[in-house]
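# Structural description and commentary
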Amino acid sequence: DVKVTQSSRYLVKRTGEKVFLECVQDMDHENMFWYRQDPGLGLRLIYFSYDVKMKEKGDIPEGYSVSREKKERFSLILESASTNQTSMYLCASSLSWGSYNEQFFGPGTRLTVL
Amino acid sequence: GQQVMQIPQYQHVQEGEDFTTYCNSSTTLSNIQWYKQRPGGHPVFLIQLVKSGEVKKQKRLTFQFGEAKKNSSLHITATQTTDVGTYFCAGRPSGGSNYKLTFGKGTLLTVNP
């Protein structure tokens, strides 16, 4: 079974802090994704990566950056957290090139920025 | 940007009633996937449709992809309390990024036992 794990289920940070969200997958997937999920807005793609050190912006990249130094790990970075970044963050991975592969999601990190 | 519209946003049914959620895109989709998210859980892949007019079934669930590949539906026959959750469609617009799926906002299904 594919397993996608995220470093924290719940996280509370203060405005202006630098925040790291970590995601690890154990099935040698090439593609990894970061989404945020907000009530009434569904899942919105922040960034994705299709290979080590490769990344592309999603629909809402502002205020975020990412890092993928190893194939199994994809990090989301909030450079200076703001209250409007309070949300559920979901990481996902998929097998290989293209969108025809199902995405496997992690359990999510609920981030609260005070 | 590209949007995938999903309706209804909410649906409450009595156990045993049928349920349908619809997904619509203004542009042609290369493929569409459906996911289910249980309350407190994360999205889990259900199925993928790729061909025009494709129909797939999983027990009480029937998935359809429109002939023009611009719409899709998920129909649940005789709902059960285990069907509770949010159902998302996700599609890749033809000619769009090879990696990126656009998710609908989801339909939250609640079932009264």
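Relevant structure appears above.
Computed from a predicted structure; not experimentally measured.

### What about the state of the cysteines?
Under the defined criterion, the tally for this structure stands at two disulfides over all chains. Between A:Cys23 and A:Cys91 runs a disulfide, and the two sulfur atoms are separated by 1.9 Å. Disulfide A:Cys23 to A:Cys91: torsion about the S-S bond roughly -75 degrees, handedness left-handed. Highlighted residues: A:Cys23 in strand E3 (residues 19-25) and A:Cys91 in strand E9 (residues 87-94), separated in sequence by 68 residues. A:Cys91 carries the same exposure label as A:Cys23, and that label is buried. One disulfide bridge connects B:Cys23 with B:Cys89, the sulfur atoms lying 1.9 Å from each other. Across the S-S bond of B:Cys23 and B:Cys89 the torsion is about 70 degrees, and the bridge reads as right-handed. Highlighted residues: B:Cys23 in strand E3 (residues 19-25) and B:Cys89 in strand E9 (residues 85-93), separated in sequence by 66 residues. For the pair B:Cys23 and B:Cys89, one class covers both residues: buried.

### Quick look at unusual backbone geometry
Following B:Ile7, the chain continues to B:Pro8 via a peptide bond in cis, the omega torsion being -5 degrees. Among the secondary structure elements, B:Pro8 is positioned in the loop between strand E1 (4-7) and strand E2 (10-14). A positive phi angle, near 65 degrees, is found at A:Lys53, a position not held by glycine. When you line up the elements, A:Lys53 lands in the loop between strand E5 (42-51) and strand E6 (54-57). Look at B:Ala78: it is not a glycine, yet its phi comes out positive at around 50 degrees.

### Some points on the pairing of strand E7 (residues 61-65) of chain B
All names here are of chain B. Buried residues dominate E7, accounting for four of its five residues. Of the strand pairs in this sheet, strand E6 (residues 55-58) and E7 are connected by four bridges, and their pairing is antiparallel. Bridge pairing in E7 links lysine 56 to phenylalanine 63. Linking E7 back to strand E8 (residues 71-76) in an antiparallel pair, the connection comprises five residues, with lysine 69 at a positive phi of about 55 degrees.

Here is what the cut-offs are and how they apply
- Residues numbered from 1 in each chain as written.
- Chains lettered and ligands numbered in written order.
- Predicted model: local features only at pLDDT ≥ 70, side-chain atom pairs only at ≥ 80, totals over all residues.
- Heavy atoms only, no water.
- Disulfide = S-S within 2.5 Å.
- Helix = DSSP H or I, 4+ residues; strand = E, 2+ residues; numbered from the N terminus.
- Buried < 20%, exposed > 50% of the residue type's maximum accessible area, 1.4 Å probe, protein only.
- Pairing = 2+ DSSP bridges.

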